[in-house]
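# Structural features, examined
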Amino acid sequence: MGTDDAYAELGLAAGASDHEIKAAWRRLVSQWHPDRNASPQALVRMQRINTAFELLRQGLEADDAAPPAAPAQPAPQPAARSAKPASGGGWTQPPQPPRPPWHIERKLKLTLEQAAAGGRMVLRGRHVERCVACEGVGFRHSPRPCEPCHGVGRIGRRNFFGWVAGFETCGECQGDGLARLACEACDGQGELGRCRYEIAVDLPAGLRDGETLDLSAGGTQGDRLKLHVVLREHPFFRLEADGTLHCEMPVDGFLWMANRWTDVPTLYGPQQLRLDRRHLRYRLRGQGFPKEHGGARGHYIVDVKPLFPAQFTREQEQLIERLAASQRHAPGTPLHEWQGKVARWKAKVAG
Ligand SMILES: [Zn+2]
Ligand SMILES: [Zn+2]
């Protein structure tokens, strides 16, 4: 790798300052470090970044004839610190800054099926690495007072005649009266970079909308992962607060009359249901949503809505005629008794 290539690798113009080189290296490390970047090219890229960094740093040190300085927060990595002679063409790995713990808080959107089943899920996203040195604010206070407001925190607002006509908060120190020095670790940005994360989590079955899951992300100590569960709307199912699952399903009225089998969707796949013309509501035990995390499943209630044509065809009319004519209302049936009552009443009225 030549010097020009090294500058290009770090995304810098030739002749960038020591400060710029360090900042670029830090930014790229936080992006490409294999601990944080799962892509297959991360390791190779990381090596190239380190080679470039080492090369440029050696060049600058030779220019300044200055003693070598550690770039940033040297981590205890004995193997990485065995510096090889520059002429050997080998590369030495600069010390890695220790990664601060990840504190990730985000939404977890689940379909009802996913929430009912639980299990392993891979979460991907971007994580903003907050600067530890300045706690994310991008500056530290100097012991000296703020210059524009002389440490008062307020600045006089002058009117047209030049008289002080009130005060406003000093924009330089935001009112605390102390001079601010840009944080060197993050160049005043408050963050060290953004990286992609990929975390596998094991979810319990039966997560509900609005729940918060507090999980450890695993890996580096101190990582925290907080997930706010959001259940997506489902095209068929409605989950009641008590855990009962509902579905309203239109069915063919003639098939319902004929007590036929039909397909019903459930959270766990399609199922066969025997229609029964005496019933509109069907209760499928154990086919609902888990009552509690990892617990038994509640009921699943299917309300069927038998649909009949608004207009019968001529053929259907004839079939219905035959159907009606085939009806025999035997003595003792409600209709037979009703017809008897009406006949007696008619005779009385006529008499
Ligand atoms: Zn900082
Ligand atoms: Zn001030």
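Placed above this text is the structure.
Procedures and definitions
Residues numbered from 1 in each chain as written. Chains lettered and ligands numbered in written order. Predicted model: local features only at pLDDT ≥ 70, side-chain atom pairs only at ≥ 80, totals over all residues. Heavy atoms only, no water. Helix = DSSP H or I, 4+ residues; strand = E, 2+ residues; numbered from the N terminus. Buried < 20%, exposed > 50% of the residue type's maximum accessible area, 1.4 Å probe, protein only. Contact = heavy atoms within 4.5 Å. Areas by Shrake-Rupley, 256 points an atom, 1.4 Å probe, with all protein chains shown as cover. Donors = N, O, S within 2.8 Å, 3.2 Å for Na, K, Ca; no water. Phe/Tyr/Trp six-rings, centres within 6.5 Å; stacked < 30°, edge-to-face > 60°. Lys NZ or Arg CZ within 6 Å of the ring centre and 35° of its normal. Expected span 1.5 Å × (residues − 1). Core = buried A, V, L, I, M, F, W, Y, C linked by side-chain atoms within 4.5 Å. Domains from an automatic or database assignment. Pairing = 2+ DSSP bridges. Axes fitted to C-alpha atoms, helices over the stretch in contact; angles between N-to-C directions. Polar contact = N/O pair within 3.5 Å; in protein donor to acceptor, adjacent residues only side chain to side chain. Tetrahedral: all angles 85-135°; square planar, octahedral: opposite > 155°, others 65-115°.

### Describing the overall build of the protein
Along its length, the protein carries seven helices and 15 strands. Sorting the 351 residues of the protein into buried and exposed places 32% on the buried side. Sequence-distant contacts, at least 24 apart, represent 59% of the contacts inside the protein between residues at least 6 apart. Carbon and sulfur atoms make up 52% of the accessible area of the protein, which totals about 22600 Å².

### Concerning the coordination of the zinc ion (ligand 2)
Taken together, Cys146 (SG), Cys149 (SG), Cys170 (SG) and Cys173 (SG) make up the full set of protein donors to the zinc ion (ligand 2), lying 2.2 to 2.3 Å away. Spacing between the donor residues of the zinc ion (ligand 2) along the chain follows C-x2-C-x20-C-x2-C. Note that Cys146 is positioned in the loop between β3 (139-145) and β4 (154-158) and Cys170 in the loop between β5 (164-169) and β6 (178-182), a separation of 24 residues in sequence. Across the pair, exposure class does not vary: Cys146 and Cys170 are buried alike.

### A few points about the packing of aromatic side chains
Tallied over the full model, the rule gives four aromatic pairs. Centroid distance Phe237 to Tyr300: 5.8 Å. Interplanar angle 80°. Geometry classified as edge-to-face. Here Tyr300 lies in strand β15 (residues 300-307) and Phe237 lies in strand β10 (residues 237-239), a separation of 63 residues in the sequence. As far as the burial class goes, Phe237 and Tyr300 line up, both buried. Summarising the aromatic geometry, the rings of Phe254 and Phe308 are spaced 5.7 Å apart at their centres and angled 85° between planes, so their arrangement reads as edge-to-face. With Phe254 in helix α5 (residues 253-257) and Phe308 in the loop between β15 and α6 (314-325), the pair connects residues that are 54 residues apart, well separated along the chain. Residue Phe254 is classed as partly exposed on the basis of its relative accessible area of 32%. Linked through ring pairs, Phe236, Phe237 and Tyr300 together constitute an aromatic cluster. A cation over an aromatic ring shows up here: Arg297 above the ring of Tyr268, its NZ or CZ 3.5 Å from the ring centre.

### Side note on helix α7 (residues 334-350)
In a regular helix each residue adds 1.5 Å, so 17 residues correspond to 24 Å; α7 covers 25 Å between its end C-alpha atoms and thus fits that length. Burial of α7 is sparse: only zero of the 17 residues sit out of reach of the surface.

### Concerning the nonpolar core
In this structure, Leu108, Leu110, Leu203, Tyr282, Val302 and Val304 are the most contacted members of the largest nonpolar core, which totals 36 residues. At the level of secondary structure, the elements contributing two or more residues to this core comprise β1 (103-110), α4 (112-117), β2 (119-130), β7 (191-203), β9 (224-231), β11 (245-252), β14 (281-284) and β15. Ranked by the residues each element gives to this core, the list is headed by β7, at five residues. The residue makeup of this core includes at least three contributed by each of domain 2 (99-130 + 193-233) and domain 4 (235-340). Setting aside chain neighbours within four positions, we find Val302 in contact with Cys247, Met249, Val264, Leu280, Arg281, Tyr282 and Leu284. Counting 17 residues, the second-largest nonpolar core is a separate cluster that includes Ala6, Tyr7, Leu12 and Leu28.

### Things to note about the sheet that holds β1
Read from one edge of the open sheet, three strands run β1-β9-β8, paired in mixed fashion. Because the sheet does not close on itself, it has two edges, and the strands there are β1 and β8 (212-215). Across the sheet, the axes of successive neighbouring strands diverge by a mean angle of 25°, strand direction being ignored.

### Brief notes about the environment of Thr333
Mapped onto the elements of the fold, Thr333 is located in the loop between α6 and α7. At 2.7 Å, the side chain of Thr333 forms a polar contact with the backbone oxygen of Ala330.

### Comments concerning the coordination of the zinc ion (ligand 1)
Put simply, a metal with four donors set out as a tetrahedron has ideal angles of 109.5 degrees, and one with six donors set out as an octahedron has ideal angles of 90 or 180 degrees. With distances of 2.3 Å, the protein atoms coordinating the zinc ion (ligand 1) are Cys131 (SG), Cys134 (SG), Cys183 (SG) and Cys186 (SG). Around the zinc ion (ligand 1), the four donor atoms are arranged such that angles at the metal cover 104 to 115°; this shape is classified as tetrahedral. For the zinc ion (ligand 1), the single-chain donor residues occur in sequence as C-x2-C-x48-C-x2-C. Placement of the pair is Cys131 in the loop between β2 and β3 and Cys186 in the loop between β6 and β7, with a sequence separation of 55 residues. Per residue, the accessibility class of Cys131 equals that of Cys186, and both read buried.

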